Amino acid sequence: MELAGYCNASITTKWGTLLDSVEPPPPPEPAKFAIVVGRQDTIIGIVQKGRSTKATCTVAERIKAHGFEWNWACDIHDAGLTQELNQITAIVRLFTPGDASDGWKCGLDSSGIFTTCAMRVKVANNTPGFPLNRIDWIKEAPLKVSTFIWKAKMGRIPSSLALSQRGVNLSSITCGHCNWGEECADHILINCSFANDTREWIFRWCGIGNVAINSLGELLKFATTWGRCPKKRKLLTLISYGLLWLIWKARNDRIFKQRFISPTLVAHNIKSLVYLWLKHKGENKGIKWVMWSISPFLCL
C-alpha cells in the first residue's frame, strides 16, 4: 500500500483507489484559558482544556502603580474571558498590598478563631425552631458518654417509646423495672424508682439533701448551677454523667442479659468509674481513693 502525502492524498492498492482527496482536519476550536493561583499567591499554571502549563510569575509581581499588568498567554477576548477579567479586576482594585503576611480570620466570633461552638450558635440563630440542647463537654468524661448525655437530653436514645415512634413494633412500651409509666429517656434515667434510688444514694455521698428532679434537663441544670465553687459544679456534673451512663447500662443488662443489679451496687460502680476518669484523664492525678470514698469534694 502506498501513501502519497499527508493531505489531498490517494491510497492505492492492487484493487484500485480506495480513498481520494483526503480533506485536512478542521482547525481546533479556540481554547479557553484561566489563571490558577496556588499557595502564597503564586500563579501555578494557565489551564487549557484540563492541562496545566507552569508559570514563573506571582500575583505580587503583576501589581503596578497604575493597576494590574498581566502577561497573558493568549488573547483573553478570543478566549471568551472578558467578563471574568472584568470581575477579577473589580475585586483587585479594592485590594491594597502591604508588607504583612496573609492570614485568615473567622467572622463567626470576635476572636477571629473558628470554633464548632460558634458555628453551632450561628446555625441555631439562623434556623427557626432549632433545638439548642446544650451540655457541658467535660474532657474527663469519655466522648461516648458525653454523646450519650447529649442524645438523652434530646430524647434520642433508643428507649421503648422512641423505638415505637420510629415504627418498631414492641409488645409494650411500659417500663420493665417499675411497670409504671412509658419508658422514655426521662423515665429511664430520672423518674424510674431504680434511677431515683441510685440518684439519692449518690447525692448523699456528695452531701446533697433531697432535691426534686423530674427530668434530665433539671438534673443537668442543677449540677451546673449548684453551689458557688466552679470546681465543685464541674465535679458534680461529671458525677451526674457517670450516674446517667451506668443507669442506662444497668437497664440494658437487665433487658438483654437478664442480669439484675441493685441501686446500691450501681452507686458503688459510679464512684469507681468517675474516680478512674479523674485519675487517668484529670489534672489532679494524685487523688486518693480513701478520701474519694468519703466525699468527692475532699479531693479538690
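Note that the structure is a prediction, hence the values are computed from the model and not measured. (Residues numbered from 1 in each chain as written. Predicted model: local features only at pLDDT ≥ 70, side-chain atom pairs only at ≥ 80, totals over all residues. Heavy atoms only, no water.)

### Observations regarding the packing of helix H9 (residues 230-256) against helix H10 (residues 263-281)
So, step 1. The contact between H9 and H10 brings their axes to 9 Å, and the two run at 130°. Judged on the interaxial angle alone, H10 and H9 are oblique. As H9 runs across H10, the sense of the crossing is right-handed. Residues Leu235, Leu238, Ile239, Gly242, Leu243, Trp245, Leu246 and Ala250 of H9 lie in contact with H10, whose contacting residues are Val266, Asn269, Ile270, Leu273, Val274, Trp277 and Leu278. (Axes fitted to C-alpha atoms, helices over the stretch in contact; angles between N-to-C directions. Helix = DSSP H or I, 4+ residues; strand = E, 2+ residues; numbered from the N terminus. Parallel < 35°, antiparallel > 145°, perpendicular 65-115°, else oblique. Left-handed = near helix turned anticlockwise from the far one by under 90°. Contact = heavy atoms within 4.5 Å.)

### A few points about unusual backbone geometry
So, step 1. Of note in this structure, Asn179 is not a glycine but carries a positive phi near 55°.
So, step 2. The backbone of Gln258 shows a phi angle near 50°, a positive value even though the residue is not glycine.
So, step 3. Looking at where Gln258 falls in the secondary structure, it is placed in the loop between H9 and H10.

### Observations concerning the layout of surface pockets
So, step 1. In this structure, the second largest pocket encloses a volume near 370 Å³.
So, step 2. Along the walls of the second largest pocket sit 15 residues, with Glu140, Lys234, Leu278, Asn284 and Leu300 positioned nearest its centre.
So, step 3. In terms of residue count, H9 provides more of the lining of the second largest pocket than any other element does, four residues in total.
So, step 4. For the lining of the second largest pocket, a count of residues per class yields nine nonpolar, two polar and four charged. (1 Å grid on protein atoms, 1.4 Å probe; cavity = no way out; pocket = protein on both sides within 12 Å on 5 of 7 lines; lining within 4 Å. Points joined across faces, edges and corners; volume = space filled by probe spheres on them. Nonpolar A, V, L, I, M, F, W, Y, C, P; charged D, E, K, R; others polar.)

### Some points on empty space enclosed by the protein
So, step 1. Counting across every chain of the model gives one cavity of 30 Å³ or more.
So, step 2. Estimates place the volume of the largest cavity at around 60 Å³.
So, step 3. Every residue lining the largest cavity is listed: Cys175, His177, Ile188, Cys192, Phe194, Ala195, Ile247, Arg251 and Arg254.
So, step 4. Those elements giving two or more residues to the lining of the largest cavity turn out to be helix H7 (193-205) and H9.

### Overview of H9
So, step 1. The end-to-end C-alpha distance of H9, which contains 27 residues, comes to 39 Å, matching closely the 39 Å that a straight helix rising 1.5 Å per residue would cover.
So, step 2. With respect to burial, H9 is a largely interior element, 19 of its 27 residues being buried.
So, step 3. Where H9 terminates, the next one or two residues include Gln258, which has phi positive at roughly 50°. (Expected span 1.5 Å × (residues − 1). Buried < 20%, exposed > 50% of the residue type's maximum accessible area, 1.4 Å probe, protein only.)

### Points about the side chain of Glu183
So, step 1. Its location among the elements puts Glu183 in the loop between helix H5 (160-165) and helix H6 (185-191).
So, step 2. Glu183 gets classed as buried once you look at its relative accessible area, which sits at 2%.
So, step 3. A distance of 2.4 Å separates a polar atom in the side chain of Glu183 from a polar atom in the side chain of Ser160.
So, step 4. Looking at Glu183, its side chain comes within polar contact range of the side chain of Arg251, at 2.8 Å.
So, step 5. With residues near it in sequence (within four places) discarded, Glu183 still touches Ser159, Ser160, Leu161, Ile173, Thr174, Cys175, Ile188, Arg251 and Ile255. (Polar contact = N/O pair within 3.5 Å; in protein donor to acceptor, adjacent residues only side chain to side chain.)

### Some remarks on the packing of H7 against H10
So, step 1. Relative orientation of the contacting elements H7 and H10 amounts to 50°, with a least axis distance of 9 Å. On the basis of their axis angle, the class for H7 and H10 is oblique. Read as a crossing pair, H7 and H10 show a hand that is right-handed. Every residue of H10 that contacts H7 at Phe194, Asp197, Thr198, Trp201, Ile202 and Trp205 is listed here: Pro263, Thr264, Val266, Ala267, His268, Ile270 and Lys271.
So, step 2. Split into classes, the residues belonging to the contact of H7 with H10 amount to eight nonpolar, three polar and two charged.

Geometric descriptors of this kind do not, in isolation, establish any biological role.
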